[in-house]
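Overview (structure and organization)
For reference, the chains in residue letters:
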Amino acid sequence: MALIDLSKKEIHCKIVYYGPGRCGKTTNLLNVHSSMADNARGKMLTIETKGDRTLFFDLLPLNLGTIRGFNIRIQLYTVPGQVMYAATRKLVLKGADGLVFVADPLQVRRERNIESLEDLRTNLLEYGLKLEDMPLVIQYNKRDLVDTPIPTLTVEELEADLNSAFKVKTFEASAVTGMGVFETLREISKQTVRYVTNKHLLHETK
Amino acid sequence: MTDNGPDRDFHAEIDDAIDNLFSPQAAAPQPQSASPPSAKQESRAPAASTPTKDESLTASMLSSDGADAFSPFEEALLSLDWEISSSNIDNARSALKDIQGNFDVDKAVALTEIFSLMDRLLEAMAIAPQNVSTSAPKTLQEGLQTLRAAAGAENLSLIEQTLIDPTLSELRSSIPNIPKDYSKLFQTAASKTHGVAGREQKTAAGVKAAPAQAASPAPSGSEEEDLVLELPGASTPAKSVAALIDAVNSHLTILGKCIAKRIVPVENLFAKTPGYEKLHAIHTELRERLERQKQNLIKALGADYQADAAAPVDPPLGQTAQSGSCPWNTVTLGTWGGKTVGFLPDQIVYEDKPAARVRKCGSFLPIKMLKRGLFGKIGFVVQGELSFHDEATLKTLTIPVAKSSGMEESALKTGNPLLILFKENSGLAFWLDEETEQLDTTVGCRWETVSDPHTFVAGNLTAKGKTIPVITLRGV
Amino acid sequence: MQDFILTAEILEKARNAIEGSLIQAGVRTALLIDGAGNILSNCGRDADDLDAISLAALAAANLGATSQIAKLIGEEDFSLLFHKGKNGNIHFGRIGDELILITIFGEDVSLGLVRCRVTDLSETLLQIFEG
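Residues numbered from 1 in each chain as written. Chains lettered and ligands numbered in written order. Predicted model: local features only at pLDDT ≥ 70, side-chain atom pairs only at ≥ 80, totals over all residues. Heavy atoms only, no water.

Right, let's get into the sheet that holds strand β5 (residues 88-95) of chain C. Residues and elements named next belong to chain C. Taken in spatial order, the 5 strands line up as β3-β2-β6-β5-β4 in an open sheet, and their pairing is antiparallel. Each end of this open sheet is capped by a strand with a single partner; those strands are β3 (39-44) and β4 (81-84). Taken pair by pair, the neighbouring strands of this sheet meet at an average axis angle of 10 degrees, ignoring direction. Bridge count between β5 and strand β6 (residues 99-106): 8 bridges; the pairing is antiparallel. Counted as the bridge partner of Arg94 is Ile100 from β6. (Pairing = 2+ DSSP bridges. Helix = DSSP H or I, 4+ residues; strand = E, 2+ residues; numbered from the N terminus. Axes fitted to C-alpha atoms, helices over the stretch in contact; angles between N-to-C directions.)

Right under this line is the structure:
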């Protein structure tokens, strides 16, 4: 749910990184945080819990600068990936304006990717939203593993599993090295800001 | 999301802005060198706040926006709903007094009982919250609603049956250790003592009712009439004012000594002992309350107050027999094993005919057997010193049963009343032959202290031609 | 869930309502947020020192979580959400289905007062935002 503050000329959008457990959602945010200029990024919020899994969510507020006099602020959220945290995942998804689906290329996680995307679709429907109508970008993460002996899925396989219906933009990435992280964020930011402004501002500001 | 015609410019603008923002970093990402941020890493979030007017903020705000005289009390109750703490209770009690002060005199008089019961309930919550029914905060809320309605009502008789009476009965049933029939208490008040709670009840209501009598010579409600007519002072017109002043003065002296020598040391001991925080709080509460009570009495006495009034001396132990007047003004008489014996009303924590199964317990009596019904609480049936202990403690308490040479256990009849004495963590139970009566020892009695510290008998009282041993737990 | 479009007029009204009630009563900060964690209004003497964005996100999540907990025990929602600290306390109140009013106050203000004010304010704010 976007928030548009006409008095301060601010637009707030919420982008949620979704995906199965341990696919690298939090790593994406950490990477964005560490490489962005101080004036553009806010304080990264992680809820400290034992272990390296996200139990609730991570939040990174960003300031994208001004477009036609409107200050664009984006809040990046991650959801907990593990299947059992379904309730929390749904909570974080509340009011999302844009989505990044982070896919795990490990052979053994193939089913998890498909399940997670289905879960995303179901949860959105419960908020009355259709996945097809939302700004969405898919990131094929962990491409750095391709050259290792660990069995991974090819981009074609991932494409067939996850993107055959949507045909949305996809990015190959390696969140640990930073490859593809910004490209993903840039694309989803554009789509999301367009989506929100199309809905509310365009016709008023012209 | 396809661009169409005029929107294209705007979209291009969005793309440019975002490209600009990301391009320097995208061109030269340095993720490896950057340490992952933790929650501690401080870079201030873009503050989405607007400057605040620098007003002087005061806590006094009651006269503004629609708050009425009831608001402070309502607020205090809402705080109590969350936490029963002494400060929340104090706030509620003072707010309640303010409400009473704001009422028309006539209505205030008619509602005296509600005010005093609500105050009693709050007081009980302060002293022994474990004994107060869990619905107490709700009952107080209902009391508040009734008071609100009463303030708005033209004639109180209109809401008497629908609101006032149900509220009164709810309040009565919420307050622990108080007989349901409030007015009866006053008829018996002069002659019978009900343990700590009962006595305070007398004082509290007496103080409340006295100004009511002055303010309105003929209160309308029948219950209020009882209240005024049955005041302890009014029911003993024979006693002169001077005698009463003497009694109060000596009472004050004893009270002062008790606080200094008994309560304060125990309170200090509890304060130093880990795990006794609750008992410490209870003791502190008790001391403060007694001190307040003392101040009230001193204030009421005014010029008649004597700081060093002669106090009846506790019978000292290990001394030779002393004769003179009895150290206690009232002694409870009972027949035990065929003999008449005396007990101190202060020490009696239980006197009733308990269920048949209690009779079979032999020489040790677990207190928990005394509770009534499946969901009853022990705290409801005991009084005096025991009522200050919490339920968990009471559950574990076992009291020895005194054996009399004149009575065998098998001779216990179903109708025998049970009397339990308790003082400073020691107790003793007695199966009496019949119910007790009170003896006024101020006239026609002779007292002889017994010096033997190994007996429960503190001394012998000679009255009506009989010698009555007075049993106390002092010498244990 | 609909998007919020805030006009200067709505915000001014909301701010006035909050300042006239809670801030007047002596609370430190009152933060009006939506269920997704967006900040609609931030008033009070400590407002500028606060990491309001984090607080709003956590508060929204906290309320979401507690409301799920409520459902697990067969409740619609909890009516009183309050955390007590040594010097500061925080109270969360729901304003309709979409909004949350967070009140931060010290020992000088009683919880009961805050609860009363939030209840009153809730109606006012609903009228402002729902017209």
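Another aspect to go through is the packing of helix α5 (residues 112-127) of chain B against helix α13 (residues 277-301) of chain B. Residue and element names in this part refer to chain B. Orientation of α5 relative to α13, taken along the N-to-C sense of each, is 135 degrees, at an axis distance of 9 Å. Classed by the angle they form, the pair α5 and α13 counts as oblique. Where α5 abuts α13, its residues Glu123, Ala126 and Ile127 lie against Ile282, Glu285 and Arg289. When grouped by side-chain class, the residues that make up the contact of α5 with α13 number 3 nonpolar, no polar and 3 charged. (Parallel < 35°, antiparallel > 145°, perpendicular 65-115°, else oblique. Contact = heavy atoms within 4.5 Å. Nonpolar A, V, L, I, M, F, W, Y, C, P; charged D, E, K, R; others polar.)

Below, the discussion takes up unusual backbone geometry. All names here are of chain A. In this structure, Arg68 takes a positive phi of about 50 degrees despite not being glycine. Along the chain, Arg68 turns up in the loop between β4 (58-67) and β5 (70-78). Arg68 sits in the partly exposed class, given a relative accessible area of 30%. Phi angles above zero are rare outside glycine, and Lys142 is one such case at about 60 degrees. Among the secondary structure elements, Lys142 is positioned in the loop between β7 (136-140) and α4 (155-163). (Buried < 20%, exposed > 50% of the residue type's maximum accessible area, 1.4 Å probe, protein only.)

Attention now moves to the sheet that holds strand β7 (residues 418-423) of chain B. Residue and element names in this part refer to chain B. Spatially, the 3 strands line up as an open sheet ordered β4-β7-β8, and their pairing is antiparallel. Strand pairing shows two members of the sheet lacking a second neighbour, β4 (348-352) and β8 (426-431), which therefore form its edges. In this sheet, adjacent strand axes meet at a mean angle of 10 degrees when their direction is disregarded. Two elements, β7 and β8, share 6 bridges in a ladder whose sense is antiparallel. Considered in β8, the bridge of Leu418 is made with Trp431.

All names here are of chain A. Enumeration over the complete set of coordinates arrives at 32 salt bridges over all chains. Between Asp161 and Arg110 there is a salt bridge whose closest N-O contact spans 2.8 Å. Here Arg110 lies in helix α3 (residues 110-126) and Asp161 lies in helix α4, a separation of 51 residues in the sequence. According to the relative accessible area criterion, Arg110 is partly exposed, its value standing at 29%. (Salt bridge = Lys/Arg side-chain N within 4 Å of Asp/Glu carboxyl O.)

Bringing the packing of aromatic side chains into the picture now. In total, this model carries 8 aromatic pairs over all chains according to the counting rule given. With centroids separated by 4.8 Å and ring planes inclined at 80 degrees, the aromatic side chains of Trp82 of chain B and Phe82 of chain C adopt a geometry described as edge-to-face. Pair noted here: Trp82 of chain B is in helix α2 (residues 71-82) and Phe82 of chain C is in strand β4, and the two residues belong to different chains. With a relative accessible area of 35%, Trp82 of chain B lands in the partly exposed category. The exposure class assigned to Phe82 of chain C is buried, which follows from its relative accessible area of 6%. Taking 6.0 Å as the distance between ring centres and 15 degrees as the angle between the ring planes, the aromatic pair formed by Phe82 of chain C and Phe105 of chain C counts as stacked. Separated by 23 residues along the polypeptide, Phe82 of chain C in strand β4 and Phe105 of chain C in strand β6 bring together distant segments of the chain. In textbook terms, an aromatic cluster arises when at least three aromatic residues are bridged by ring pairs, as seen for Phe56, Phe57 and Tyr77 of chain A. The cationic tip of Lys14 of chain A hangs over the ring face of Tyr77 of chain A; the distance from NZ or CZ to the ring centre is 4.4 Å. (Phe/Tyr/Trp six-rings, centres within 6.5 Å; stacked < 30°, edge-to-face > 60°. Lys NZ or Arg CZ within 6 Å of the ring centre and 35° of its normal.)

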